[in-house]
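Inside the fold
Residue-level listing of the chains:
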Amino acid sequence: MFDYETIRIIWWAFIGLVAIGFAITEGFDFGIGALLPFLGRTDTERRVIINTVGATWEGNQVWLVLLGGAIFAVWPPVYATLFSGLYAAMLLVLFALFFRPAGFDYRSKIENPAWRNAWDWALFIGGAVPPILFGVLVGNLIVGIPFHLDHDLRSFYTGSFFGLLNPFALLCGVIGLLFTLFHGAIYMKWRTEGVIHERASKAVAVFGPLLLVLLVLATAWVIFGIGRPEITAMPSTDAPSNPLNKSVLAVGGGWLTHFINHPWMLSAPALAVGGLVVAWLLAKQTPSAGAFVASSIGVSGLLLTVGFGLFPFLLISSTEPNSSLTLWDATSSHMTLALAFWITVVFLPIVLLYTRWVYKVMWGSVTEAKVLQDTHTLY
Amino acid sequence: MISGDDVVTLSRLQFGLTALYHFLFVPLTLGLTFILAIMESVYVMTGREVYKDMVKFWGKLFGINFAMGVTTGLTLEFQFGTNWAYYSHYVGDIFGPLLASEGWMAFFLESTFVGLFFFGWDRLSKVQHLTVTWLLALGTSLSALWILIANGWMQHPVGAEFNYETLRMEMVSFADVFFNPVAQVKFVHTVAAGYVTGSMFVLGISSWYLLNNRDIGFARRSFSIASAFGLASVLSVIVLGDESGYTSGETQKMKLAAIEAEWETEKAPASFTLVGIPDQVEEKTHWALKIPFALGLIATRSVDEDVKGLKALREENAERIRSGMVAYGELQRLRAGDKSPETRQRFAEHKANLGYGLLLKKYTNEVTNAGNDLIMKAANDTIPRVAPLFWTFRVMVLSGFTMLFIFGMAFYYCATRVADQKRWLMKMAVWGIPLPWIAAETGWFVAEYGRQPWTISGVLPTHISVSSLSTDQLWFSIAGFVFFYTVLLVIELYLMFKYVRLGPSSLHTGKYFFESGYLPSTRTLAR
């Protein structure tokens with residue numbers, strides 16, 4: 001139905017969509033986990049916070065699983081290079097995520113304060129570590145990763161774990177964490193009343209400006225401090241996927257020039273800044289629906305900015321630019337892309353529909369009175 | 001030689017550990033969700049509160065288990081990329097969309113509805129909640145469907161071809177991949193094994209309550225549902241046994257011969273070696289006790305077909321390696337730019353055996369120049385180690401038949417309404433709780449260890465599937481998994497035992513054993 005070139009672009013957009021779904025839904029789950037020990041002081045307060053996401057965090061986490069699965073299906077070399085190259089970082093994300101299912105499900109099964117407190121800190125780790133590392137990952141996508149492909153298309157990573165923690169990537173890690181705190185606090189404020197609502201409001205007021213300042217800093221860093229490679233020769237955009245058939249110049253025109261050459265791409269950073277500013281302004285009001293939508297738009301703009309900025313690159317190699325992976329030469333076959341396309345077109349709306357229904361059923365403020373009444377059915 | 005043997009061994013060790021560990025939780029999830037859906041259906045149809053309590057109590061245990069399933073499942077999705085990067089590149093075109101489909105169709109379904117299952121009782125009508133429970137059960141089984149199609153493809157890779165331009169396998173027929181006979185057999189066998197696990201769990205714990213004379217009405221009803229569902233499931237597992245899939249696919253035949261420790265081809269009707277001592281060095285089986293006709297029936301469902309032995313299969317594989325060497329040579333020519341019709345023709349003739357050529361990469365990078373000694377070495381590698389397969393298979397089968405006996409007796413005595421007088425049977429059910437796990441883990445071992453030296457049968461050898469990692473990195477991750485998984489398992493078992501001991505009293509309805517409203521006289525009402 002679609003030619004190979006078109007469906008490659010469609011899939012680039014779909015992966016972006018799944019990444020946005022992940023950032024919006026897991027974003028507030030992570031934030032709520034990371035804020036839990038600080039915004040909830042008593043056990044009941046903490047139970048209120050946990051139960052704002054208690055019934056839905058598991059479904060949200062599937063966005064992450066799907067993101068991994070979709071990249072595997074659509075861009076196998078990206079999946080292979082990223083996960084094996086960033087081995088220690090990926091495993092740390094995984095280990096941190098281990099704390100979440102057990103934290104949510106086991107915490108309130110025993111009424112011992114030490115037990116519960118321990119799980120609250122486990123949920124903190126499970127909420128704070130992944131967004132930092134995902135931020136670091138995005139930072140490294142921008143500066144490039146030291147890897148190359150050999151003649152058999154086997155991927156070799158030649159950097160170290162600490163090489164990933166370069167200053168720019170660490171800044172992105174902090175931005176990742178701040179976004180989840182901001183977004184999570186907005187959601188928490190939306191779903192609670194009284195003292196937790198107040199504390200969440202204060203958190204939003206603090207994290208909003210901090211996030212914006214760091215984003216401006218990161219943008220300046222990208223424009224003035226980081227080079228952008230450029231493709232000098234490549235086969236046609238519907239050629240079979242083989243990343244070694246192109247030539248890439250290590251430093252091309254730079255990131256700002258890339259956006260200026262494609263002015264429509266500037267809509268993404270505008271969306272990011274606009275969304276986050278509006279979210280911060282609206283957060284002073286109740287209800288918080290507007291602020292939540294705005295911060296969701298903000299994070300979508302952020303991811304689109306990164307995606308547009310990289311386009312057509314998916315993974316930039318900082319050591320052998322010719323090995324860089326692009327959406328023209330690192331995709332699955334035409335048939336697989338088409339198959340995955342139809343599966344997505346059918347199932348995405350179904351998933352969104354029933355997810356919406358579940359949220360509708362479970363909606364309503366979580367209050368101390370409610371969690372005290374339901375000690376044996378709520379978390 | 002692509003990477004150190006240590007990296008391959010450690011990667012396999014890690015995959016085995018994490019997959020076996022994940023599989024402690026998956027079968028119980030598969031089975032319990034269906035049992036919960038059945039119990040809740042009875043509740044909605046009869047309106048009797050005890051069935052609702054059953055759903056809630058067994059649901060609590062399900063929840064404790066489910067959390068671990070989610071935790072450990074994530075590992076497996078990450079691990080193809082982290083540890084099997086070349087595999088991911090080489091077969092991502094087929095394997096990836098199957099995993100993604102699992103995400104869209106199954107993970108979202110089960111994970112979205114599991115929250116409503118626990119927290120939606122007061123917010124949904126009875127029928128709505130029942131629907132949610134059924135969707136949860138459907139989601140878990142759909143998840144098994146997709147992952148077993150993926151695994152079935154690893155055992156018998158149909159519907160895909162090698163593309164020399166992209167240097168990987170690419171899908172040519174999704175229908176062939178989906179309706180792969182090995183995958184379909186595996187799916188039925190594995191989900192049914194999951195249902196058996198759930199049933200044995202409920203049957204055993206209910207028996208323990210009955211033996212201790214507590215919560216009789218609750219336990220008796222749980223017991224009878226588990227016995228009926230368990231009997232149906234265990235029959236499916238045995239009758240639709242996995243081995244019926246062992247005739248399609250070359251490696252599957254090798255696996256079958258290894259399970260049977262059948263070194264020489266058995267003339268039809270092939271006999272089955274019940275027990276014996278397999279000897280890998282002498283390539284024979286000492287003290288074999290054979291049952292005439294049985295292997296032919298199991299493997300070919302007939303009495304007039306041969307079942308090939310290991311030595312004959314090895315000879316065939318040596319031939320395939322020679323053909324694979326030609327394919328490898330032509331591939332290099334194609335890649336160097338020689339796309340003449342003769343080269344293409346020769347490559348097309350031999351490319352089905354390219355994977356066999358890659359077996360030589362373990363010993364040399366000069367695949368096309370390999371001598372006869374290396375070819376024989378590589379051919380010998382295609383015979384898996386027989387003794388571990390021979391014994392684990394027998395442990396699995398023995399566990400299965402023991403459970404058939406337990407469920408058969410339980411069902412019979414339930415039907416004749418004397419089950420709770422048969423203390424021996426209830427004791428057996430309690431002690432039998434580990435059986436489905438033993439069967440599932442040994443079954444996994446037979447399927448995966450038996451496929452060695454391949455990750456994708458006949459297509460991709462295990463030793464070139466791994467990532468370019470160092471042993472330090474692998475020790476770091478293995479240490480992490482062992483540490484976290486041990487801690488989590490201790491916690492999980494502690495909670496499981498705690499809630500099993502509490503029983504339905506943990507629901508705080510006031511009606512059960514440890515609560516003030518408990519009336520021993522419910523014993524007489526129970527029936």
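Above this text you will find the structure in question.
Every residue gets a number counted from 1 within its own chain, in the order that chain's sequence is written. As a convention, the first chain written is A and the first ligand written is 1, with the rest following in written order. Side-chain atom pairs in this predicted model are given and counted only at pLDDT of 80 or more, local residue features only at pLDDT of at least 70, and totals for whole chains, interfaces and linings cover all residues. Water and hydrogen atoms play no part in the side-chain values, which are based on all heavy atoms of the structure.

1. Observations concerning the overall build of chain B
For the record, the criterion: Secondary structure counts use DSSP, requiring at least four H or I residues in a row for a helix and at least two E residues in a row for a strand, with both numbered from the N terminus. Computation of the radius of gyration draws on C-alpha atoms, with the globule rule given as 2.2 Å multiplied by the number of residues to the power 0.38. When accessible area is computed with a 1.4 Å probe and restricted to protein chains, residues below 20% of their type maximum are described as buried, those above 50% as exposed, and intermediate ones as partly exposed. Every residue pair with non-hydrogen atoms within 4.5 Å of one another is taken to be in contact. Per-residue and other accessible areas were derived by the Shrake-Rupley procedure at a 1.4 Å probe size, with only the shown protein chains allowed to occlude residues. Only four residue types enter the charge count: Lys and Arg as positive, Asp and Glu as negative, with His and the chain ends excluded. In this description, the location of a charge corresponds to atom NZ of lysine, CZ of arginine, CG of aspartate or CD of glutamate.
Tallying secondary structure elements over chain B gives 18 helices and six strands in all. The C-alpha atoms of chain B give 26 Å as radius of gyration, which agrees with the globular expectation for 527 residues (24 Å, within 12%). Each of the three principal axes of chain B carries a C-alpha extent, and together these read 85 × 50 × 40 Å. A total of 527 residues make up chain B; the buried ones form 62% of that total. In chain B, 77% of the contacts between residues at least 6 apart in sequence involve partners at least 24 apart. Carbon together with sulfur atoms contributes 64% to the accessible area of chain B, which is approximately 19600 Å² in total. Averaging the locations of the 44 positively and 44 negatively charged side chains of chain B gives two centres separated by 10 Å.

2. Quick look at the pattern of salt bridges
Residues and elements named next belong to chain A. Definition in use: For salt bridges, the criterion is a side-chain nitrogen of Lys or Arg within 4 Å of an Asp or Glu carboxyl oxygen.
In this structure the tally under the stated criterion is 23 salt bridges over all chains. A salt bridge links Glu26 to Arg100, with the nearest nitrogen and oxygen atoms 3.3 Å apart. A residue pair is termed long-range when its members are at least 10 positions apart, and Glu26 in helix H1 (residues 4-39) and Arg100 in helix H5 (residues 87-106) qualify at 74 residues. One exposure class covers both Glu26 and Arg100, and it is buried. Between Arg107 and Asp43 there is a salt bridge whose closest N-O contact spans 2.6 Å.

3. Points about the side chain of Ser295(A)
Inspection of the secondary structure assignment puts Ser295(A) in helix H12 (residues 289-310). With near-sequence residues (within four places) excluded, Ser295(A) lies in contact with Phe179(A), Phe182(A), His183(A), Ile186(A), Gly275(A), Leu276(A) and Ala279(A).

4. Describing the interface of chain A and chain B
Our working rule: Here the quantity called buried area is the total loss of accessible area, with a 1.4 Å probe, experienced by two parts when brought into contact, counted for both. Counted as a polar contact is a pair of N or O atoms within 3.5 Å, where, for protein atoms, one must be capable of donating a hydrogen and the other of accepting one, and residues adjacent in sequence contribute only when both atoms are in side chains.
Taken together, the contact between chain A and chain B spans 70 residues of the former and 83 residues of the latter. For the pair chain A and chain B, the summed buried area comes to about 7100 Å², and 71% of that belongs to carbon and sulfur atoms. Broken down residue by residue, the surface that chain A buries against chain B is led by Tyr87(A), Tyr106(A) and Arg154(A), which jointly contribute 11%. Counting across the interface, chain A meets chain B through two salt bridges. Between the two partners, chain A and chain B, sit 25 residue pairs in polar contact (both at pLDDT 80 or more). Secondary-structure elements contributing two or more residues to the side of chain A that touches chain B are helix H3 (57-74), helix H4 (76-85), H5, helix H6 (113-143), strand E2 (155-157) and helix H13 (334-362) of chain A. The element that contributes the greatest number of residues to the side of chain A that touches chain B is H5(A), accounting for 15 residues.

5. A look at empty space enclosed by the protein
Threshold: Only protein atoms enter the calculation, which uses a 1 Å grid: trapped sets of points that fit a 1.4 Å probe without letting it out are cavities, open sets showing protein on both sides within 12 Å along at least five of seven lines are pockets, and any residue with an atom within 4 Å of a point is a lining residue. Grid points are joined across faces, edges and corners, and a volume is the space filled by probe spheres set on the points.
All told, the structure shown has eight cavities of 30 Å³ or more when counted by the stated rule. Its volume calculated, the largest cavity comes out at about 150 Å³. Around the largest cavity, the lining is made up of 15 residues, and of these Asp152(A), Tyr86(B), Tyr90(B), Tyr328(B) and Leu358(B) lie nearest the centre. For the lining of the largest cavity, the elements supplying multiple residues, two or more each, are helix H3 (85-119), helix H10 (310-335) and helix H12 (354-358) of chain B.

6. Remarks on the nonpolar core
For the record, the criterion: Remark: nonpolar core denotes a set of buried residues (Ala, Val, Leu, Ile, Met, Phe, Trp, Tyr, Cys) joined through side-chain atoms within 4.5 Å.
Among the nonpolar cores identified, the biggest contains 294 residues, and Tyr106(A), Trp58(B), Tyr90(B) and Phe201(B) are the most heavily contacted of them. What Trp58(B) contacts, discounting residues up to four positions off in sequence, is Leu32(B), Leu36(B), Met39(B), Phe201(B), Val202(B), Ile205(B), Ser206(B), Phe218(B) and Ser222(B). In terms of nonpolar packing, the next biggest core, distinct from the first, is built from 11 residues, Met254(B), Ala258(B), Leu310(B) and Phe390(B) among them.

7. Considering H6(A)
All names here are of chain A. Note the following rule: Multiplying one less than the number of residues by 1.5 Å gives the expected span of a helix.
For H6, spanning 31 residues, the distance from its first C-alpha to its last is 45 Å, which sits close to the expected 45 Å at 1.5 Å a residue. The N-capping residue of H6, defined by a side-chain oxygen 2.8 Å from the backbone nitrogen of Ala114, is Asn112. Among the residues trailing H6, Gly144 stands out with phi positive, at a value near 95°.

8. Some thoughts on helix H2 (residues 43-51) of chain A
All names here are of chain A. With eight of nine residues buried, H2 lies mostly within the body of the structure. Thr44, Glu45, Arg46, Arg47, Val48, Ile49, Ile50 and Asn51 are the residues of H2 that are buried. Here the buried face of H2 lies against H1, H5, H6, helix H8 (167-191), helix H9 (194-225) and helix H14 (368-373).

9. A closer look at the side chain of Arg228(A)
Residue and element names in this part refer to chain A. Position of Arg228 among the secondary structure elements: in the loop between H9 and strand E3 (230-233). Look at Arg228: it is buried, it has no salt bridge, and the nearest opposite charge is Glu230 at 4.9 Å. Polar side-chain contacts of Arg228 include one of 3.4 Å to the side chain of His258. At 3.3 Å, the side chain of Arg228 and the backbone oxygen of Leu310 are in polar contact. In contact with Arg228, not counting residues within four places along its chain, are Ala250, Val251, Gly252, Gly253, Gly254, Trp255, His258, Gly309, Leu310, Phe311, Pro312 and Phe313.

10. As for the environment of Pro292(B)
All names here are of chain B. Residue placement: Pro292 occurs in the loop between strand E4 (284-291) and helix H9 (294-300). Each C-alpha atom of the pair Pro292 and Ser271 lies 4.1 Å from the other, and the pair is 21 residues apart in sequence. Other than its neighbours up to four places away in sequence, Pro292 contacts Ala270 and Ser271.

11. Observations regarding the packing of H6(A) against H8(A)
Residues and elements named next belong to chain A. Stated precisely, the cut-off is as follows: Orientation is described by lines fitted to C-alpha atoms, with helices fitted over the stretch in contact, and by angles between N-to-C directions that extend from 0 to 180 degrees. Should an angle fall under 35 degrees it is taken as roughly parallel, and over 145 as roughly antiparallel, whereas 65 to 115 is taken as roughly perpendicular and any remaining angle as oblique. Each crossing is labelled by how the near helix is turned from the far one, with a counterclockwise turn of less than a right angle marking it left-handed and a clockwise turn marking it right-handed. Only Asp, Glu, Lys and Arg are considered charged, only Ala, Val, Leu, Ile, Met, Phe, Trp, Tyr, Cys and Pro nonpolar, and every remaining residue, Gly among them, polar.
It is at 7 Å that the axes of H6 and H8 come closest, and there the two elements cross at 135°. It follows from the interaxial angle that H6 and H8 lie oblique. Considering how the two elements wind past one another, H6 and H8 form a crossing that is right-handed. Touching Ala128, Pro131, Ile132, Gly135, Val136, Gly139, Asn140, Ile142 and Val143 of H6 are Phe168, Ala169, Leu170, Cys172, Gly173, Gly176, Leu177 and Thr180, all from H8. Broken down by class, the residue content of the contact of H6 with H8 amounts to 11 nonpolar, six polar and no charged.

12. What to know about the packing of aromatic side chains
Cut-off, in case you're wondering: Ring pairs are drawn from Phe, Tyr and Trp, using the six-membered ring of Trp, whenever the two centres fall within 6.5 Å, and their geometry is named by plane angle: stacked under 30 degrees, edge-to-face over 60, tilted for the rest. Charge over a ring is defined by NZ of Lys or CZ of Arg lying within 6 Å of the ring centre and within 35 degrees of the ring normal.
The final tally for this structure, using the stated rule, is 87 aromatic pairs over all chains. Each ring, one from Trp190(A) and one from Phe292(A), has its centre 5.3 Å from the other, and the planes form 40°; the classification is tilted. A residue pair is termed long-range when its members are at least 10 positions apart, and Trp190(A) in helix H8 and Phe292(A) in helix H12 qualify at 102 residues. Residue Phe292(A) is classed as buried on the basis of its relative accessible area, which comes to 11%. Judged by centre distance (4.8 Å) and plane angle (80°), the ring pair of Tyr379(A) and Phe119(B) falls under edge-to-face. Here Tyr379(A) is found in the segment after H14, whereas its partner Phe119(B) is found in helix H3 on a different chain. The class of Tyr379(A) is buried, set by a relative accessible area of 9%. The buried category is assigned to Phe119(B), whose relative accessible area is 10%. Every member of this aromatic cluster is reached through a ring pair, and the members are Phe95(A), Phe98(A), Phe99(A), Tyr21(B), Phe25(B), Phe476(B), Phe481(B), Phe483(B), Phe484(B) and Tyr485(B). Here Arg154(A) stacks its cationic end above the ring of Tyr86(B), 4.2 Å away from the centre of that ring. It is Arg394(B) that lies over the ring of Phe390(B); its NZ or CZ is 3.6 Å from the centre.

13. Structural notes on unusual backbone geometry
Following Phe311(A), the chain continues into Pro312(A) via a peptide bond in cis, with omega recorded as 0°. Along the polypeptide, Pro312(A) turns up in the loop between H12 and strand E5 (313-315). The omega torsion of the bond from Gln452(B) to Pro453(B) falls at 10°, within 30 degrees of zero and hence cis. Take Pro453(B): it is sitting in the loop between helix H16 (435-449) and strand E5 (454-456). The residue Leu153(A) is not glycine, and still its phi comes out positive at about 65°. Not every positive phi belongs to a glycine, and Glu283(B) is a case in point at roughly 55°. For Glu283(B), the position within the fold is in the loop between strand E3 (272-279) and E4. Judged by its relative accessible area of 17%, Glu283(B) falls in the buried class.

Remember, this is a structural readout, not a statement about activity or role.
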